[in-house]
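If you want the building blocks of each chain, they are given just below.
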Amino acid sequence: MSDTISCTPEIATFEPPPLQCNEDSWGPCELPEAFKDIPYQPFSKSDRLGKISDWTGTAQTDKKFSNKYASQFGGGSQYAYFHEEDETTFHLVDSARIQKPPHQRGRFRGNMRNNRSGRGRGARGGVQVGGMTTLSKSASKLRDQRRGTTRKWGMRGPPPKIRDASVTVRPDWVTIEEMDFPRLAKLSLPNVKEGEDIMTCGTLEYYDKTYDRINVKNEKPLQSVDRIFHTVTTTDDPIIRQLSKTQGNVYATDAILATIMCCTRSNYSWDIVIDKIGGKLFMDKRDNTEFDLLTVNETASEPPQEDGASLNAPRNLAIEATFINHNFSQQVLKNGEKEPKYKFDRPNPFIGDDEDGEVASVAYRYRKWDLNNGITLVARCEHDAVLKMPQGDTQFLTIKALNEWDSKIANAVEWRQKLDTQRGAILANELRNNSCKLAKWTVQALLAGSDQLKFGYVSRAHVRDSSKHVILGTQQFKPQEFANQINLSMDNAWGILRCIIDICMKQKDGKYLIMKDPNKPMVRLYDIPDNTFDSDGEGEEGDDGEAFQPMYGYTAAPSSSALAAQANTLATVPEQSEKASA
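Numbering of residues starts from 1 in each chain and follows the order in which that chain's sequence is written. It should be noted that, the model being predicted, local features are given only for residues of pLDDT at least 70 and side-chain atom pairs only at 80 or more, the latter also being counted only at that level, while totals for whole chains, interfaces and linings use all residues. Side-chain metrics in this entry use all non-hydrogen atoms of the structure; hydrogen atoms and water are not considered.

## Points about the environment of C29
A run of H or I in DSSP counts as a helix once it spans at least four residues, and a run of E counts as a strand once it spans at least two, with each numbered from the N terminus. If you trace the backbone, C29 turns up in the segment before β1 (127–129). Residues contacting C29, with those up to four places away along its chain left out, are Q20, C21 and N22. Pairs of residues are marked as contacts when any of their non-hydrogen atoms sit within 4.5 Å.

## Some words on the pairing of strand β16 (residues 510–516)
Counting buried positions over the 7 residues of β16 gives 7, a clear majority of the element. Working definition: with a 1.4 Å probe on protein chains only, accessible area under 20% of the residue-type maximum means buried, over 50% means exposed, and in between means partly exposed. Covered by surrounding structure in β16 are G510, Y512, I514 and K516 together with K511, L513 and M515, the residues of both alternating faces. Sheet analysis places strand β7 (residues 271–277) next to β16, joined by 6 bridges and oriented antiparallel. Bridge pairing in β16 links D271 to M515. When DSSP finds at least two bridges between two strands, those strands are taken to pair.

## Here's the deal with the confidence of the model for the protein
The score called pLDDT rates the predictor's confidence residue by residue, from a low of 0 to a high of 100. Averaged over the protein, the pLDDT score is 77; the fraction of residues at 70 or greater is 69%. Counting contacts from residues 107–151, a segment whose pLDDT is below 50, to residues more than four positions away or on other chains yields 30 contacts. Segment residues 569–582 is flagged for pLDDT under 50; beyond a separation of four residues in sequence, or across chains, it makes 21 contacts in the model.

## Looking at the sheet that holds strand β15 (residues 465–477)
The strand order across the open sheet formed by 5 strands is β5-β15-β14-β13-β12, and the pairing between neighbours is mixed. Of all strands in the sheet, those with a lone pairing partner are β5 (220–221) and β12 (385–388), marking the two edges. As defined by bridge partners, strand β13 (residues 394–404) adjoins strand β14 (residues 452–462) across 8 bridges and the pair is classed as parallel. Paired with L397 across the strands is Q452, a residue of β14. Lines fitted to the C-alpha atoms define the axes, with helices restricted to the stretch that makes contact. Angles between their N-to-C directions range from 0 to 180 degrees. Contacting β5, β13, β14 and β15, helix α5 (residues 314–331) runs over the sheet at an angle of about 145° to β13. Across the face of the sheet, helix α7 (residues 423–433) comes into contact with β13, β14 and β15 while running at roughly 110° to β15.

## A word on empty space enclosed by the protein
Both cavities and pockets are sets of points on a 1 Å grid over the protein atoms alone; in a cavity a 1.4 Å probe fits but cannot get out, in a pocket the set is open with protein on both sides within 12 Å along at least five of seven lines, and lining residues sit with an atom within 4 Å of a point. Grid points are joined across faces, edges and corners, and a volume is the space filled by probe spheres set on the points. Throughout the structure, instances matching the rule amount to 4 cavities of 30 Å³ or more. Size it by volume and the largest cavity reaches roughly 690 Å³. Around the largest cavity, the lining is made up of 40 residues, and of these A255, D292, E382, K400 and Q444 lie nearest the centre. Mapped onto the lining of the largest cavity, the elements with two or more residues apiece are α4 (254–261), α5, β10 (362–370), β11 (376–383), β13 and α8 (435–448). Among the residues making up the lining of the largest cavity, the classes are represented as 17 nonpolar, 14 polar and 9 charged. If you add up the space inside the second largest cavity, you get close to 80 Å³. Every residue lining the second largest cavity is counted, 13 residues in all, and those nearest its centre are E404, W405, A410, A412 and E430. Going through the elements one at a time, β13 and α7 are the ones with two or more residues in the lining of the second largest cavity. Classes in brief: Ala, Val, Leu, Ile, Met, Phe, Trp, Tyr, Cys and Pro nonpolar; Asp, Glu, Lys and Arg charged; the others, Gly included, polar. Here the lining of the second largest cavity is composed, by residue class, of 4 nonpolar, 6 polar and 3 charged.

## A look at the packing of α4 against α8
Relative orientation of the contacting elements α4 and α8 amounts to 130°, with a least axis distance of 9 Å. The angle between α4 and α8 falls in the class oblique. Judged by the sense of rotation from one axis to the other, the crossing of α4 with α8 is right-handed. Together, D254, A255, L257, A258, T259 and M261 of α4 and K440, V443, Q444 and L447 of α8 make up the contact between the two elements. Throughout, the term roughly parallel applies to angles under 35 degrees, roughly antiparallel to angles over 145, roughly perpendicular to angles from 65 to 115, and oblique to all others. If you view the pair so one helix is near and one far, a crossing is left-handed when the near helix is turned anticlockwise from the far one by less than a right angle, and right-handed when it is turned clockwise.

## Quick look at a nonpolar patch on the surface
Two distance rules govern patches: like charges are joined within 9 Å, and nonpolar side chains (Val, Leu, Ile, Met, Phe, Trp, Tyr) within 5 Å, applied only to residues with over 30% relative accessible area and no salt bridge. To be clear on the numbers: accessible area is Shrake-Rupley with a 1.4 Å probe, and residue cover counts the displayed protein chains and nothing else. A side-chain nitrogen of Lys or Arg and a carboxyl oxygen of Asp or Glu constitute a salt bridge if their distance falls within 4 Å. A contiguous nonpolar patch, built from L31, F35 and I38 and spanning about 330 Å² of accessible area, is present on the exposed surface. Looking at the secondary structure, you find F35 in the segment before β1.

## Quick notes on the pairing of β13
Counting buried residues in β13 gives 10 out of 11 residues, a clear majority hidden from the surface. Across 4 bridges, the pairing between β12 and β13 is antiparallel. Paired with K388 across the bridge in β13 is T394.

## Focus on the sheet that holds strand β4 (residues 196–205)
Spatial ordering of the open sheet is given by β3-β17-β16-β7-β8-β6-β11-β10-β4-β9, a layout of 10 strands whose pairing is mixed. At either margin of the open sheet sits one strand with a lone partner, and together these are β3 (174–180) and β9 (341–343). Across the sheet, the mean angle separating the axes of adjacent strands is 20° when strand polarity is ignored. The strands touched by α8 within the sheet are β10 and β11, with β10 carrying the most contacts at an inclination of about 80°. Where helix α10 (residues 490–505) meets the sheet, it contacts β3, β6 (250–253), β7, β8 (280–284), β10, β11, β16 and β17 (522–528), and its direction lies at approximately 120° from that of β8.

## Description of α5
By this rule, a helix spans an expected 1.5 Å times one less than how many residues it contains. When the terminal C-alpha atoms of α5 are compared, their 26 Å separation across 18 residues agrees well with the 26 Å that a helix rising 1.5 Å per residue should span. With 17 of its 18 residues buried, α5 lies for the most part within the structure.

Below you can see the structure in the form of structure tokens.
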């Protein structure tokens, strides 16, 4: 029996791979071991697919469809493709020959006689373009050398002047904290309730409504009102000394609080002394300083930088603005002897028996605020006038004056041309150039609880005379609405104050100083010896042997006529101006 061979062919078998059903999305349910730890960028079915690879690396972004090939997941840009049209790299070459006009000697020589861009008068090697002469590089460099300034690339005008600090930092002062403005601007203390009145003092006069009808065509001269203005600091206030025994643990005035709350808008240097005694803080201004002077164009792009002998020097402008503000706030009142007056419970605490002269219309509200965590603030706030409403109720006013000194130098709109028709543009320009001053006025009105904040527009009668002024108009706002208009957040203002209070409360008893850096957006807190500034109130003797007191910062302020006399002296006599500024 022979072996048999089977001729039946073997049938090939096929085993299908297991299928994974992904019900939630598309793609595999589990990551294979071979693809583990490999970078993966998510993508969607609806994503556009472009070139597989771009080896040139010169593709530019399509401006019209910049996100055409971007993934909807936004996972990253390592696999992103930016499409470039091929037509963008195609250029036509212009082979046409340029025809030059034949050279004609002396053809335009006759017109050079009337051409200012030549060597004639006023040209100085410049080129006239569109009616304006542009200096050459050598002429521009020579002009800067004569001015004593060096210009950087892309810089307009002279370089900013290095400002001096309001007080010289001594070597034995210890820096406790440095707070830059971006950090302070993020602070917030919401839900601070309205201040509670503890005591009210003083006498107010009624506002004269006829000043609301003043306009440019019906201007009114600014009068010199000879009255005394008291600017008493915190620890010299007898009412605060009395209240410190039973009320609160932080004490200040509205001017000091407004300076701290609006510090992020300030450019000029200022300082405030803080005494911590027995767990209580007393915030004071130094004697014989310019703390109460009003700044002019402090936040402008080009603030005043002229020397001290000029009318438009920063300090002379500050004295002029303070003089205007004092006179305007008293001129707009019904100040006759037979006119009625609004009297508070107590008289003015700063009028002594030997007071010589008439005191300005002012009322003081001593108020307290609960800042949480055991911090109770007590402050002295001020009203300038009252207004009788048709309904019979009485509204309290805060009256301030905006002043125009030279619109051309200040790069501002001329008030006499635009005040009646474009008052919003003028106010916007003032908000840009005097943001810090307006913010402090608004904070003071809110702290005092004033019903209206009234502004007066006062301009020089002549640009080169700082002694005569005219009232061109008035405008009034509700303090809270005006705060919203100038983007002033009281939550941020209270947050800045609370931050500084908390830092001082953590320190031991002693004397401290808060100072705005003159050239940086920063506030520093120093620990200073207890005997610092003790001799500042004695005054310096002048050439005639009498005690010479600086313009402002006094405990008992001089009259308005004395302020005007010193303003005129500073503006006309350079020698005395330099002596006063020193």
